[in-house]
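Single-letter residue listing:
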Amino acid sequence: MNEEIIRLENLSKTFVSGEIKFTALKDINLSFKKSEFTGMVGPSGSGKTTLLNIIGLIDKPTDGKYILFGENSQAFNFRTASAYRKKHIGFIFQTFNLLPVYTVYENVELALLLLKKTESERKDAVMQALELVGLKDLKDKKPPQLSGGESQRVAIARAIVKKPEIVIADEPTANLDAKNAHSIMQTMIRINKELETSFIFATHDEKVMLYLSRIIKLEDGNVSEDIKINS
Amino acid sequence: MIKFIIKGLLRDKSRSKLQIFIVTIGVFLTVAISGYMKGVTSDMINETARLKSGHVRITTKEFLENEKNLPINFSICNCENLILELKKDFPDFSWTGRTHFRGTILFQDSSGNIKQGPFIGLGLELNSNGGDEIKRLNLYKAIYKGKLPESDNEILLAEEFANRIKVKPGNKLIILTQNNDNIPVSKEYVVAGTVKYGVQAMDNALIILNLQEAAKLLDIENCCTEILGFLNSGFYDNTICENAQINFNKKFHDSNNPQSPFMSKMKDDPEFSFYIEYMENFTGLMATILIMILSVVLWNAGLLSGLRRYNEFGIRLAMGEEKSQIFKTLLLEALVIGIIGSVAGTILGIGFTLILQRYGINITGMMQGGTMIMPDVIRARYTNELLYIGFIPGVIAMFIGNAISGTMIFRRRISSLLKELEI
Ligand SMILES: Nc1ncnc2c1ncn2[C@@H]1O[C@H](COP(=O)(O)OP(=O)(O)OP(=O)(O)O)[C@@H](O)[C@H]1O
Ligand SMILES: [Mg+2]
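Residues numbered from 1 in each chain as written. Chains lettered and ligands numbered in written order. Predicted model: local features only at pLDDT ≥ 70, side-chain atom pairs only at ≥ 80, totals over all residues. Heavy atoms only, no water.

A. The arrangement of the overall build of chain B in detail. Looking only at helices and strands, chain B features 16 helices and 14 strands. A globule of 423 residues ought to have a C-alpha radius of gyration of about 22 Å, yet chain B, at 31 Å, is considerably larger. Reported as C-alpha extents along the three principal axes, the dimensions of chain B are approximately 100 × 50 × 30 Å. Once local pairs closer than 6 in sequence are excluded, the contacts in chain B between residues at least 24 apart make up 76%. When the 45 positive and 42 negative side-chain charges of chain B are each reduced to one mean point, those points stand 12 Å apart. (Helix = DSSP H or I, 4+ residues; strand = E, 2+ residues; numbered from the N terminus. Rg over C-alpha atoms; globule rule 2.2 N^0.38 Å. Contact = heavy atoms within 4.5 Å. Lys, Arg positive; Asp, Glu negative; His and termini not counted. Charge placed at Lys NZ, Arg CZ, Asp CG, Glu CD.)

Here you go:
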């Protein structure tokens, strides 16, 4: 339960565009344990997305270390990073980003196709994931036919179907109404409990904060507070 | 995964519409233009063969070398027997003798003055061989005024020629020429009719008479200046003609005897062979240009459709699919789209060709002169080459175009691909 899966040491990120340099993350030191339910909060531009991208191996830090499952990610090339994302990290996006031409079932299945699972393994896992998010009945619908809440549930199912250790969610409730936001959060909490998945959010949403077990406040690229909540 | 990609491709029709459209148009144009060019080429070949050179042609070497003067004393003799042998040895061809000679005609102008002018005489087998030559030269249709000759002392004149010297059917004129022994001979003939072909070789000072009559006049009985062979298929085939040429010359030609018969084929004429090669290169050139233009267009279309799919690519990358894998699936899609478009374009192009093969376009009056003889109706011609002449370039261009646009898309970092998604 207290196993460390992510460690960030003196991590910073500087964007260079032409002459202009901008340091979005400054000397970040953080550690994440298995099955934590963490939210990054902070004003716009404070570096939440930048940090999530680094944790999700979508971007690389300029300085410092990012240690994932005990491995220094500095050594990862594109291929290794892809392999980590494919197996161990699930993504949930603010705008759901489902593939519109595929059915709910197929959208979720894609994560497993990439892992080269057999058809029956895929079927079992997809149905289980859809069950968890409560969408079994909608499996043959296509994304344009779904409501925002339903779409985000599909995105959750897609992120967790491969049973990753980490799920990264950037503003997952920003496009949802209050009722759907709460329901999505409850679903994620349940998955967090049942599958011991670590969730890391970036959020502005007060409703999300109600559910968090840990809140990390970012300000101008610095961690200004790191609060663990014992529920 | 392949199934997944194909499923997406089939469901999202708008994704590939533009590209399919472009490929279809490009392939259609290539096939149609090639079919048309092939039609023009083979019509010109056939017309030239019919009116002038045959698919193969037998003369003496001596005649060939002095052809401009039409030296009748270098004729082939014993023609009838030779043709019988040819019919036996080369059943792929039909054979006929013709005689070309020069001379002067004497005629009375409207005020009764005797005038004279040069002409070219063409002796044809007008009343033997089941009227093959009449059919071959389309004489019934070519008759402009009057009728076909019914007896040996009747002749046909090229309409233009007759018009110039103001001679009408029923008029008499005197032909003056030299016979085989260089002795001047003359004979009076009646003009039976005039012919019009719309090609210089047949319209310029031409007089047509019966082959046997010409031989009698020139004192070269049972001889003719040339024997022409026509492939029964109706289309020039260089391989068959070349084989016939080799076999014939081995058997009949004696290189020490310039008077012995010698077979040449159409392609031996440098002008003709230049033209054929030009046409063959033209098709290759078309295919190359198609690949280049289509590649550029499809590359841009690929960028457009790729732009629409940043979302999908970003997600797939975030989910851990490798760039190379996505790139491969992109090329697979390109292949499928390329094949669909190329099949459609090829079918349309061949359809167009077949229609044009059947109905043709009338170009009378558009073309004149030259030694290549142009027909007045241009038809397309279907050959099996049309099955791949557009198809292969279409698929290749689709591949190249999408490879370039794919490379450009995937050169971006994933974080920027995702940024454009506004996650
Ligand atoms: N690729 C980039 N190039 C240059 N600057 C960047 C780039 N990506 C982010 N930034 C800058 O880094 C800072 C942090 O951006 P980030 O997207 O992490 O903020 P955020 O906390 O997620 O904000 P928001 O709440 O609005 O999503 C911003 O000032 C942003 O302009
Ligand atoms: Mg952000």
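B. Examining the domain arrangement of chain B more closely. Split into domains, chain B comes out as domain 1 (2-47 + 274-420) and domain 2 (56-235). For domain 1 of chain B versus domain 2 of chain B, the distance between C-alpha centres works out to 51 Å. (Domains from an automatic or database assignment.)

C. Examining the pattern of salt bridges more closely. All names here are of chain A. Overall, the coordinates contain 30 salt bridges over all chains when judged by the stated rule. Between Glu-109 and Arg-122 there is a salt bridge; the shortest N-O distance is 2.8 Å. You can see Glu-109 sitting in helix 3 (residues 104-114) and its partner Arg-122 sitting in helix 4 (residues 119-133), a full 13 residues away along the chain. For the residue pair Glu-109 and Arg-122, the accessibility class agrees, reading buried in each case. Through salt bridges that share partners, Glu-4, Arg-7 and Glu-9 make up one connected network. (Salt bridge = Lys/Arg side-chain N within 4 Å of Asp/Glu carboxyl O. Buried < 20%, exposed > 50% of the residue type's maximum accessible area, 1.4 Å probe, protein only.)

D. Quick look at the state of the cysteines. All names here are of chain B. By the definition in use, this model includes one disulfide over all chains. Bridging Cys-77 to Cys-223, the disulfide has an S-S length of 1.9 Å. As the torsion about the S-S bond is roughly 105 degrees, the Cys-77-Cys-223 disulfide counts as right-handed. Of the two residues, Cys-77 is situated in strand 2 (residues 76-77) and Cys-223 in strand 10 (residues 223-224); the sequence distance between them amounts to 146 residues. According to the relative accessible area criterion, Cys-77 is partly exposed, its value standing at 45%. The class for Cys-223 is buried, based on a relative accessible area of 8%. Cysteine Cys-241 is unpaired, with the sulfur of Cys-224 as its nearest cysteine sulfur at 19 Å. For Cys-241, a relative accessible area of 0% translates into the label buried. (Disulfide = S-S within 2.5 Å.)

E. Local environment of the packing of aromatic side chains. By the definition in use, this model includes 15 aromatic pairs over all chains. Here Phe-37 of chain A and Phe-201 of chain A contribute two aromatic rings whose centre-to-centre distance is 5.0 Å and whose plane-to-plane angle is 70 degrees, an arrangement assigned as edge-to-face. Taken as a pair, Phe-37 of chain A in strand 3 (residues 37-41) and Phe-201 of chain A in strand 8 (residues 198-202) lie far apart in primary sequence, 164 residues in all. Accessibility expressed as a relative area gives 2% for Phe-37 of chain A, which makes it buried. Accessibility expressed as a relative area gives 0% for Phe-201 of chain A, which makes it buried. Ring centres 6.0 Å apart and planes at 80 degrees place the aromatic pair Phe-28 of chain B and Phe-352 of chain B in the edge-to-face group. Pair noted here: Phe-28 of chain B is in helix 2 (residues 13-53) and Phe-352 of chain B is in helix 13 (residues 323-359), with a separation of 324 residues, a long-range link. (Phe/Tyr/Trp six-rings, centres within 6.5 Å; stacked < 30°, edge-to-face > 60°.)

F. A look at the interface of chain B and chain A. Contact with chain B, which involves 27 residues of that partner, is made by 25 residues of chain A. If you look at where chain B meets chain A, you find three salt bridges. At the boundary of chain B and chain A, one finds eight residue pairs in polar contact (both at pLDDT 80 or more). Mapped onto the side of chain B that touches chain A, the elements with two or more residues apiece are helix 1 (2-11), helix 12 (310-318), helix 13 and helix 16 (414-419) of chain B. Considering every element that reaches the side of chain B that touches chain A, the biggest residue donor is helix 12 of chain B, with six residues. When the residues that make up the side of chain B that touches chain A are grouped by side-chain class, the tally is eleven nonpolar, five polar and eleven charged. (Polar contact = N/O pair within 3.5 Å; in protein donor to acceptor, adjacent residues only side chain to side chain. Nonpolar A, V, L, I, M, F, W, Y, C, P; charged D, E, K, R; others polar.)

G. Fine view of the pairing of strand 9 (residues 214-219) of chain A. Residues and elements named next belong to chain A. Judged from the four bridges that link them, strand 3 and strand 9 form a sheet pairing that is parallel. Bridge assignment links Gly-39 to a residue of strand 9, and that residue is Ile-215. Examined bridge by bridge, strand 9 and strand 10 (residues 222-228) share six bridges and lie antiparallel to one another. Its bridge partner being in strand 10, Lys-217 is matched across the sheet by Glu-225. Remark: two residues form the turn of the hairpin made by strand 9 and strand 10, two consecutive strands paired antiparallel; Asp-220 in that turn has positive phi of roughly 50 degrees. (Pairing = 2+ DSSP bridges.)

H. How the structure looks around the nonpolar core. Counting residues in hydrophobic clusters, the biggest one holds 81 residues, and the most contacted among them are Ile-6, Leu-8 and Ile-55 of chain A. If one sorts the elements of this core by residue count, helix 3 of chain A sits on top with eight residues. The contacts of Leu-8 of chain A, once residues within four sequence positions are left out, are Ile-28, Asn-29, Leu-30, Phe-32, Leu-51, Ile-55, Lys-65 and Tyr-66 of chain A. Counting residues in hydrophobic clusters, the runner-up holds 43 residues, among them Met-202, Leu-217, Leu-218 and Cys-223 of chain B. (Core = buried A, V, L, I, M, F, W, Y, C linked by side-chain atoms within 4.5 Å.)

I. Inspection of the packing of helix 3 of chain A against helix 1 of chain B at higher detail. Orientation of helix 3 of chain A relative to helix 1 of chain B, taken along the N-to-C sense of each, is 150 degrees, at an axis distance of 12 Å. With respect to helix 1 of chain B, the element helix 3 of chain A is oriented roughly antiparallel. Here helix 3 of chain A runs over helix 1 of chain B; the crossing is left-handed. Contacts between helix 3 of chain A and helix 1 of chain B involve Glu-106, Leu-110 and Leu-113 of chain A on the former and, on the latter, Phe-4, Lys-7 and Arg-11 of chain B. Residues of the contact of helix 3 of chain A with helix 1 of chain B, tallied by class, amount to three nonpolar, no polar and three charged. (Axes fitted to C-alpha atoms, helices over the stretch in contact; angles between N-to-C directions. Parallel < 35°, antiparallel > 145°, perpendicular 65-115°, else oblique. Left-handed = near helix turned anticlockwise from the far one by under 90°.)

J. Geometry of unusual backbone geometry. Unusually for a residue other than glycine, Asp-220 of chain A sits at a positive phi of about 50 degrees. Within the secondary structure, Asp-220 of chain A sits in the loop between strand 9 and strand 10. The residue Asn-78 of chain B is not glycine, and still its phi comes out positive at about 60 degrees.

K. A look at a nonpolar patch on the surface. Residues and elements named next belong to chain B. The grouping of Leu-335, Ile-339, Val-343, Ile-347, Leu-387, Tyr-388, Ile-392, Ile-396, Phe-399 and Ile-400 at the surface amounts to a nonpolar patch, some 820 Å² of accessible area in total. Among the secondary structure elements, those contributing two or more residues to the nonpolar patch are helix 13, helix 14 (386-389) and helix 15 (391-410). Secondary-structure assignment places Ile-347 in helix 13. (Patch = residues over 30% accessible without salt bridge, like charges linked within 9 Å, V, L, I, M, F, W, Y side chains within 5 Å. Areas by Shrake-Rupley, 256 points an atom, 1.4 Å probe, with all protein chains shown as cover.)

L. Quick peek at the confidence of the model for chain B. Residue and element names in this part refer to chain B. Per-residue pLDDT for chain B averages 85, and the proportion of residues at 70 or more is 93%. Predicted confidence in chain B is weakest over helix 16, with a mean pLDDT of 63, and strongest over strand 11 (residues 226-231), with 95. Overall, residues 367-371 carries pLDDT values under 50, and its contacts beyond four positions in sequence, including any with other chains, amount to six contacts. This complex was scored by the predictor with a pTM of 0.74 and an ipTM of 0.88. (pLDDT = per-residue confidence, 0-100.)

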